[in-house]
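Each chain, letter by letter, is given below.
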Amino acid sequence: MLDAIGVASIDDLFTDVPEAARLDGLIDLPTRQTELQVERAMSAMASRNVAASHAPFFVGAGAYKHHVPATVDHLIQRSEFLTAYTPYQPEISQGTLQTLFEFQTQVALLTGMDVANASMYDGSTACAEAVMMAARVTRRTKAVMAGSVHPHYVEASKTLAKYSDVAITVTDAAPADLDAVIAEIDDTTACVVVQTPDIFGRLHDLREISRIAHEKGALVIAVFTEAVSLGLVEAPGHMGADIAVGEGQSIGVGLNFGGPYVGLFACKDDRRFIRQMPGRLAGETVDADGRRGYVLTLSTREQHIRRDKATSNICTNSGLCALAWTIHMTLLGEKGLTTLARLNHETACELADALGSIPGVEVVNDSFFNEFTLLLPKNADQVVNELAHVGVLGGVPASRLYPGRFENYLIVAATETNTPEDIAVFAKALAGVL
Amino acid sequence: MGMNTQGRPTRMAENIATGGYADTISGSRGLDQAEPLIFERGDMDRCGVDLPDPKGLKTRLGGQERKAPIGLPGLAEPETMRHYVRLSRKNYAIDLGLYPLGSCTMKHNPRLNEKIARLPGFADVHPLQPAATVQGAYQLMGELAHWLMTLTNMPAVALSPKAGAHGEFCGMMAIRAKLDADGQTGRRRILVPESAHGTNPATAVQCGFTVDEIPADKTGRVDMEAFKAKLGDDVAGIMLTNPNTCGLFERDIREIADLIHEAGGYFYCDGANFNAIVGRVRPGDLGVDAMHINLHKTFSTPHGGGGPGSGPTVLSEALAPFAPVPYVVETAKGGWEMVEHMDDAEGDPFGRMAAFHGQMGMFTRALTYMMSHGSDGLKQVAEDAVLNANYIQARLKHVMTPAFDGTCMHEALFDDRFLKDTGVTTLDFAKAMIDEGYHPMTMYFPLVVHGAMLIEPTETESMSGLDRFIEVLEALATAAKDGDKDRFLAAPVHAPTKRLDETRAARQPVLRWTAPTDTVEAAE
Amino acid sequence: MTTRYTEDHEWITVDGDIATVGITAFAAGQLGDVVFVELPEVGRSLTKGDEFAVVESVKAASEVYAPVDGEITAINDALEGEPAKVNEDPSGDGWFVKIKLADASQLDGLMDEAAYNAHIA
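Residues numbered from 1 in each chain as written. Chains lettered and ligands numbered in written order. Predicted model: local features only at pLDDT ≥ 70, side-chain atom pairs only at ≥ 80, totals over all residues.

## Some details on the overall build of chain B
Scanning chain B from terminus to terminus reveals 15 helices and 13 strands. Projected onto the principal axes, the alpha-carbon positions of chain B cover approximately 95 × 75 × 55 Å. Scored against the burial criterion, the 524 residues of chain B give a buried share of 56%. Sequence-distant contacts, at least 24 apart, represent 72% of the contacts inside chain B between residues at least 6 apart. (Helix = DSSP H or I, 4+ residues; strand = E, 2+ residues; numbered from the N terminus. Buried ≥ 20, exposed ≤ 12 C-beta atoms within 10 Å, placed from the backbone. Contact = placed C-beta atoms within 7 Å.)

This is the structure:
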């Protein structure tokens, strides 16, 4: 090969590298290892973690443990899905493009919105992009976020807006209602951002806030972190939301220690909205023979064409996670999703009854889907660590998300994966550490 | 003799009809099976998942029950399997053949990575579990950080960026934060070569900068005179891809770094092409202040039809204090902890980029790949990638036209001069490659080259595989020059679909399935 | 009525103090099939050189610049539903906006047809 190229050695191909930066030997890292050696080392690391399926598990706050059917993982490991790139050549990417089109339709249906994009990195970045999109659509600069939106989502939004002209106001997290958000809406407001179920698990009716926001010309961004809830509760699109964003991890994706996940992004079918939407879009068209097919479309919004005037710098989305989501959703269908949502809710009701009956423990929520908040007689962080010590993964202390606040509050989640025995073990352990 | 006269005919019939049945009754074409949308196949009562019956408890939803059906169809498990397996067969993939998309680094994805990422200790762990129950996950992040910092000779790395563009955002935010902290509020201009990825200017604007483009010189590299002329006290920095998008190493990179630093700005390196130099050159030795690393390119995590990616970003001493939260630190007792809040951080983080801690599933795969290869194997990765690209360039330069003279790094860039007066465009040439069983190269990028064709074979192609590919491109180039235009204009004719009407898709966007109107009327 | 041209491929035809502005057939041809035109609001005042519209094809997006100072008095709403008019009839039905001229002398600085044809040759 070197002869064909006309050089004497590999080194001759690296002569453009400045001499001072050429390395003589190897970088100071271990050298190659066999598959077996690597597997041993990685397994040892993995074994230092307590897997969710190996303990009574009640941790949520934006990521939830659900059962993912075996079919999903098999299909996403098909070479043709796993090792394909972004579908730039549509004639040999119809598999990816049609599944994205199906994904967009399912997301739109689930959220009660008109259209959805082909996914974002995760729920938090979808939320941040929605805030920026609302500012572009309304040509306004004030965004009001409810304090009960997942604090990581608020922080990600603040980061994206930090050096733009968008100013984000965050209301206090404590009130159970949205009155503080409503009070902030004025003629300069681009959008209000509200989450339901919120970080404490409480459900909100968005009709009133939507009416008031729309009167002032502001958009409503509805956030959800538990997509399964939409099997049972009202969709944001049916409560006046203009943009719905959320985390899709619950359907098909798994916990993965926080990522990769899949951001869902849907909005109204309004040319102003769609042209300001971030991310990729699959659209229907026909081929030269008139047969139906799909392409990536409206790319002029995107960075590879629009460069410094793009709606977002996003390039890669979360394709494989979107595929997993769409396969799981296809397996569920409306019937399965509704049943799954009900099972989650019922398990949470039983958990609330079991924990709420422990002396000194109060269930704070008036309403919830599969997650609620407890007020404990002692520091929740300490409680969680003591529970872990006895083999129970008992929720997220609210202070982990709101440092220095809500120190006795514990956010607990229940899903279809929790058995009555799990609940009994948790209740007994919690009573024991208080 | 006893003779069995029954059974199937074993001879080809004579005078067999060979044409006239191109259109099938079903729309399928043999193994290329037509597959409708799930919305045209499934129904709302079908379900492919085993679930127990709910008990019918009274709900506590605060009156928020959904009122109307959602409209989501379901399929049974075997139907679901067929639907997606059939669709998968309409995709090209690395596992099917050479995938020479320049700048995208479509290398083989080792399956050990997939196995490791699925260990319950990694895949089935929640990001907000108590620290004592996730020490292995923190350790993995710590080890990955160590590998990335050592390979780049940089003192810090932010692991949380979720893709390359997100990593660019991280690095540019750190530069902006540093400038603001030093009171350099007049520095808002970012220099970006014309050949840059579109994400670069988009990112710079996202961080409140303006973009000033630098032209390329005739060797395909930064025009040094133009660059020097643009320096000034309003310059915040430069975003430079190296090796650049023309597949060339920026020879003057040290001087560029020195000049930008002397001018008071910072050097952001787009690390999309790190795979060309990993193990051989450390960006920290080139004067880089920040660089994202696409784990899905250099470190072989699968592209998955468009993500997920992962874009850890290394930072220099000057920028490290502004790194985003969260990050892991090793404790005095040999354990690990996660710094999650701005107030708990040692420096002055510019913020949090996303929920939780980053793309753990990509971290496990990338570290598995790094450990498998080691420092010696990674060096060979870069060398073989560069060798393969040069082999393609050398073998094709007599029929195609390399955009620039000399050897290249990991990708070979051609322009469309060899197609002049053939009536065949870069697009047509690319589509003809589809008929030959190959995915086309990146086309019309970088923008500085007319009708660009950017070929990145990667290191995971054998010489015999490259020879077959080269022979096909040679034959196609010859066919174009010989006036066999129709082959190109009609292409692809052997793909699952012919060329698709992108104008129609953009003029009348159909972004979702909707029920046919007559069905709606019938339902009413 | 005379038609003048800019180096950035806008045309401008003046009738009294109202000018009609669009992009040239050459520009439309270079862009390819136009799929979307973003037009400004009526009433906006422009300074020569301002970006006032964006024209998009499948593969490209280009800004359109004001050839003269003035106030926008009308926009071609029909382009929203039928962007193809820009390709089919760029100097007629494919017009973008009408501008009330602030300074007619600015037209003198623009190219006539012959000069424009030489510019694109």
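Back to the write-up after that little detour.
## As for the domain arrangement of chain B
All names here are of chain B. By the assigned domains, chain B splits into domain 1 (114-369) and domain 2 (376-498). Once you take the C-alpha centre of each, domain 1 and domain 2 turn out to be 31 Å apart. Every contact between the two is made by 18 residues of domain 1 and, on the other side, 20 residues of domain 2. (Domains from an automatic or database assignment.)

## What to know about the sheet that holds strand S10 (residues 362-363) of chain A
All names here are of chain A. Spatially, S10-S11-S13-S12 is the arrangement adopted by the four strands of the open sheet, whose pairing is antiparallel. Both outer strands of the open sheet, S10 and strand S12 (396-397), are each paired with one neighbouring strand and no more. Where S10 lies against strand S11 (residues 371-375), two bridges are found, and the strand directions are antiparallel. Bridging across to S11, Glu362 finds its partner in Leu375. (Pairing = 2+ DSSP bridges.)

## Here we look at the pairing of strand S9 (residues 97-101) of chain C
The side chains of a regular strand alternate between both faces of the sheet. Residue and element names in this part refer to chain C. As paired elements, strand S3 (residues 18-23) and S9 share four bridges and run antiparallel to each other. Following the sheet pairing, Thr20 is matched in S9 by Lys98. Here strand S8 (residues 70-75) runs beside S9; their pairing, made up of five bridges, is antiparallel. Counterpart to Ile72 in the pairing with S9 is Ile99.

## Examining the packing of helix H5 (residues 135-152) of chain B against helix H10 (residues 360-396) of chain B
All names here are of chain B. Viewed as axis vectors pointing N to C, H5 and H10 meet at an angle of 55°, and their least axial separation amounts to 10 Å. In this view, H5 runs oblique relative to H10, as classed from their interaxial angle. For the crossing formed where H5 meets H10, the hand is left-handed. In this structure, H5 contributes Ala137, Leu140, Met141, Glu143, Leu144 and Trp147 to the contact, and H10 contributes Met360, Phe363, Thr364, Ala366, Leu367 and Met370. Tallied by class, the residues present in the contact of H5 with H10 amount to 10 nonpolar, one polar and one charged. (Axes fitted to C-alpha atoms, helices over the stretch in contact; angles between N-to-C directions. Parallel < 35°, antiparallel > 145°, perpendicular 65-115°, else oblique. Left-handed = near helix turned anticlockwise from the far one by under 90°. Nonpolar A, V, L, I, M, F, W, Y, C, P; charged D, E, K, R; others polar.)

## Quick word on the interface of chain B and chain A
Accessible area lost upon the coming together of the parts serves often as the stated size of an interface. Each side of the interface is counted separately: chain B has 165 residues, and chain A has 161 residues. Looking at side-chain class alone, the side of chain B that touches chain A contains 83 nonpolar, 49 polar and 33 charged residues.

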